[in-house]
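Commentary on secondary and tertiary structure
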Number of protein chains: 2
Amino acid sequence: MSESLDKLQQLLKKLPGLGFRSAERIALHLLVEKPETLAPLVEALNRAGEQIKPCPVCGNLSEGELCAICEDDSRNPLQICVVSQVSDLMALERSGAYRGRYHVLNGKLSPIQGIGPEQLNFAGLEKRLKEEAVEELILALSNDIEGEATCHYIQDRLSTSHPDIRLSRIGFGLPSGSGLNFADSVTVRSALEGRRLFHP
Amino acid sequence: MSESLDKLQQLLKKLPGLGFRSAERIALHLLVEKPETLAPLVEALNRAGEQIKPCPVCGNLSEGELCAICEDDSRNPLQICVVSQVSDLMALERSGAYRGRYHVLNGKLSPIQGIGPEQLNFAGLEKRLKEEAVEELILALSNDIEGEATCHYIQDRLSTSHPDIRLSRIGFGLPSGSGLNFADSVTVRSALEGRRLFHP
């Protein structure tokens, strides 16, 4: 139909969660239905692209020298929560349940996909453990093979280099508001293994 | 977390089909996971925004003086298919079942939403009916109150100004590959009303 529309649609289709139809719908929205929304979006993309850099300490998004969490003195510097990606960090922040610092690995170990320790931000983590007085490391990595492998790797390294640091992994089990009949069997198994004693 | 990220996410959230989570996912994809995809997307948005204009004849998207369909001499100029929006035109083109011209109204009549004949591209349609030798008008408007009202309006105008032009409306009924048990009752009613005789 139109070369520049095709090109735009192809790029939109590559964004996560968008398919052919939704890319077309968004392109037509921006070009025909609400053309006044195009310029502000382009400006916001440009601004965010220029201003947002990874925090040199933890790997979170940052607009200044450090990210908002590393700069916040009220956050507990003795706890570091290790996450695979920034969106995991955001989910934890939304819960409001954590007041320590973070470390973003930018992925999980996956020999099949060729992701070894060198591809992930482990060097930054070890540097922090040397320089900061960390007492606890919470591994908030997912309940799959890659998450498992990444946890084991960290445990191996830590047990020799920093045997004094407490290491824990987030709990797995039934999500809130759901029933056993809706859960897959890996989740059911995790829920059983992660059972907590109520009464001796 | 970050002002420019928040701003970008708010604008993405307003795009059709995107919610809070998908906007966040796309923003992080463009800024953190695949930052190399940001600049090409911005460029494609800018280019499409500059180059794509509505066709002055039919209202379809166009990159030149006229749109690709109005410029295509192999398309039947005696048939005009009236659609509500460009995405409807694209769906008809994808079907490959139509080889005439189009007219995009840019909406449907809706007194509740304050959309009267003046807000739609009726003036352009009447001008074409005067100037072009149109024989048939196919109304490809949806099966709802607004589509119904728009069809009646066109029928009223046409019956006095151009009583010689054939007027038809696309068929409604069961979609291909679906069963009656999956259809809503308006569709079932339309399918019954639109039944075709096989045998006298």
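Residue positions within a chain follow its written sequence, with the count starting from 1. Each chain takes a letter, starting from A, and each ligand takes a number, starting from 1, following the order in which they are written. This being a predicted model, a pLDDT of at least 70 is required before a residue's local features are given, and a value of 80 or more before pairs of side-chain atoms are given or counted; all residues contribute to the totals for chains, interfaces and linings. Values reported for side chains reflect all heavy atoms of the structure, with hydrogen atoms and water molecules removed beforehand.

**Observations regarding the overall build of chain A**
This is how the line gets drawn: Helix and strand definitions follow DSSP, with helices as H or I runs of at least four residues and strands as E runs of at least two, each counted in order from the N terminus. When accessible area is computed with a 1.4 Å probe and restricted to protein chains, residues below 20% of their type maximum are described as buried, those above 50% as exposed, and intermediate ones as partly exposed. We call two residues in contact whenever any of their non-hydrogen atoms come within 4.5 Å of each other. Accessibility throughout is a Shrake-Rupley quantity obtained with a 1.4 Å probe, and a residue counts as covered only by protein chains that appear here. Two residue types count as positive, namely Lys and Arg, and two as negative, namely Asp and Glu; His and chain ends fall outside the count. Throughout, a charge is located at the NZ atom of Lys, the CZ atom of Arg, the CG atom of Asp or the CD atom of Glu.
Of the regular secondary structure elements, chain A holds 8 helices and 6 strands. Element order for chain A, N to C, with α for helix and β for strand: α-α-α-β-β-α-β-α-β-α-β-α-β-α. A buried classification covers 40% of the 200 residues belonging to chain A. Across chain A, contacts joining residues at least 24 apart in sequence account for 48% of those joining residues at least 6 apart. Carbon together with sulfur atoms contributes 53% to the accessible area of chain A, which is approximately 11,600 Å² in total. Computed over 22 positive and 27 negative side-chain charges, the separation of the two mean positions in chain A equals 4 Å.

**Brief notes about the packing of helix α1 (residues 3-13) of chain A against helix α2 (residues 20-33) of chain A**
All names here are of chain A. Rules: Inter-axis angles, ranging from 0 to 180 degrees, are taken between N-to-C directions of lines fitted to C-alpha atoms, where helices are fitted over the stretch in contact. For classification purposes, an angle smaller than 35 degrees is called roughly parallel, one larger than 145 roughly antiparallel, one from 65 to 115 roughly perpendicular, and anything else oblique. Put simply, a crossing is left-handed when the front helix is turned counterclockwise from the back one by less than a right angle, and right-handed when it is turned clockwise.
One way to put it is that α1 packs onto α2 with a least axis distance of 9 Å and a crossing angle of 125 degrees. The pairing of α1 with α2 is recorded here as oblique in orientation. In terms of crossing hand, the pair formed by α1 and α2 is right-handed. Residues Leu5, Leu8, Gln9, Leu12 and Lys13 of α1 form the contact with α2, whose participating residues are Phe20, Ala23, Glu24, Ile26, Ala27 and Leu31.

**As for the packing of aromatic side chains**
All names here are of chain A. Heads up, the condition is: Side-chain rings of Phe, Tyr and Trp (the six-membered ring for Trp) are treated as a pair once their centres are within 6.5 Å; stacked means planes under 30 degrees apart, edge-to-face means over 60, and tilted covers the remaining angles.
Under the criterion given, the structure shown has 4 aromatic pairs over all chains. For the pair Phe122 and Tyr153, a centre-to-centre distance of 4.7 Å together with 45 degrees between the ring planes defines the contact as tilted. Note that Phe122 is positioned in helix α6 (residues 122-131) and Tyr153 in helix α7 (residues 145-161), a separation of 31 residues in sequence. Look at Phe122 and you get buried, because its relative accessible area is 5%.

**Re the pairing of strand β6 (residues 166-169) of chain A**
Both faces of the sheet carry side chains from a regular strand, because those side chains alternate between them. All names here are of chain A. Going by this rule: One requirement defines pairing of two strands: DSSP has to find at least two bridges between them. Note on handedness: a clockwise path from strand one over the helix to strand two, with the strands aimed away from the viewer, defines a right-handed crossover.
Of the pairings in the sheet, the one linking strand β5 (residues 136-140) to β6 comprises 4 bridges and is parallel in character. Bridged to Leu139 within β6 is Arg169. Considered for its hand, the β-α-β crossover made up of β5, α7 and β6 is right-handed.

**Focus on the environment of Leu137 of chain B**
All names here are of chain B. Within the secondary structure, Leu137 sits in strand β5 (residues 136-140). Classification of Leu137 by relative accessible area gives buried; the value is 0%. Along the sequence, Leu137 and Gln155 sit 18 residues apart, while their C-alpha atoms lie 10 Å from each other. For Leu137, the contacting residues outside a window of four places in its chain are Ile80, Val82, Leu125, Leu129, Ile154, Leu158, Ile165, Arg166, Leu167 and Ser168.

**Some points on the confidence of the model for chain A**
Residue and element names in this part refer to chain A. For the record, the criterion: Confidence of the prediction at every residue is given by pLDDT, a number between 0 and 100.
Across chain A, the average pLDDT comes to 91, with 99% of residues at or above 70. Per-element confidence in chain A ranges from a low mean pLDDT of 82 for helix α8 (residues 185-193) to a high of 96 for strand β4 (residues 100-104). Scoring of the predicted complex yields 0.76 for pTM and 0.75 for ipTM.

**Side note on the interface of chain B and chain A**
Think of interface size as the accessible area that goes away when the parts come together; that is how it is often given. For clarity, the cut-off: Accessible area that two parts lose when put together, with a 1.4 Å probe and added across both, is what the buried area reports. Salt bridges are defined by distance alone: a side-chain nitrogen of Lys or Arg within 4 Å of a carboxyl oxygen of Asp or Glu. Within 3.5 Å is the distance limit for a polar contact, defined as a pair of N or O atoms, with the added protein rule that one can donate a hydrogen and the other accept it, and that residues adjacent in sequence qualify only through two side-chain atoms. Residues are grouped as follows: Ala, Val, Leu, Ile, Met, Phe, Trp, Tyr, Cys and Pro are nonpolar; Asp, Glu, Lys and Arg are charged; every other residue, Gly included, is polar.
Facing 49 residues of chain B, the contacting portion of chain A comprises 49 residues. Buried area between chain B and chain A, both sides added, is near 4,300 Å², and the carbon and sulfur share of it is 74%. The largest contributions to the chain B side of the interface with chain A come from Met1, Pro16 and Leu45 of chain B, which together make up 16% of the buried area. If you look at where chain B meets chain A, you find 2 salt bridges. The tally of links between chain B and chain A comes to 8 residue pairs in polar contact (both at pLDDT 80 or more). For the side of chain B that touches chain A, the elements supplying multiple residues, two or more each, are α1 (3-13), α2 (20-33), α3 (38-51), α4 (68-71) and α5 (86-95) of chain B. Tallied by class, the residues present in the side of chain B that touches chain A amount to 28 nonpolar, 10 polar and 11 charged.

**Details of the sheet that holds strand β3 (residues 76-83) of chain B**
Residue and element names in this part refer to chain B. What the 4 strands build is an open sheet, ordered β4-β3-β5-β6; its pairing is parallel. The open sheet has two edge strands with one neighbour each: β4 (100-104) and β6 (166-169). Between one strand axis and the next, the sheet turns through 25 degrees on average, direction left out of account. Two strands pair when backbone bridges link them, and β3 and β4 are joined in this way by 5 bridges, in the parallel orientation. Each residue of the ladder has a partner; that of Val83, found in β4, is Val104. Across the face of the sheet, helix α7 (residues 145-161) comes into contact with β3, β5 and β6 while running at roughly 175 degrees to β6.

**Let's talk about the pattern of salt bridges**
Residues and elements named next belong to chain A. Evaluation of the coordinates by the stated rule reveals 18 salt bridges over all chains. Here Glu131 and Lys127 are joined by a salt bridge, their closest N and O atoms 3.9 Å apart. One end of the pair is Glu131 and the other is Lys127, both in helix α6 and 4 residues apart, which spans about a single turn. Here the two residues Glu131 and Lys127 agree in accessibility, since each one is exposed.

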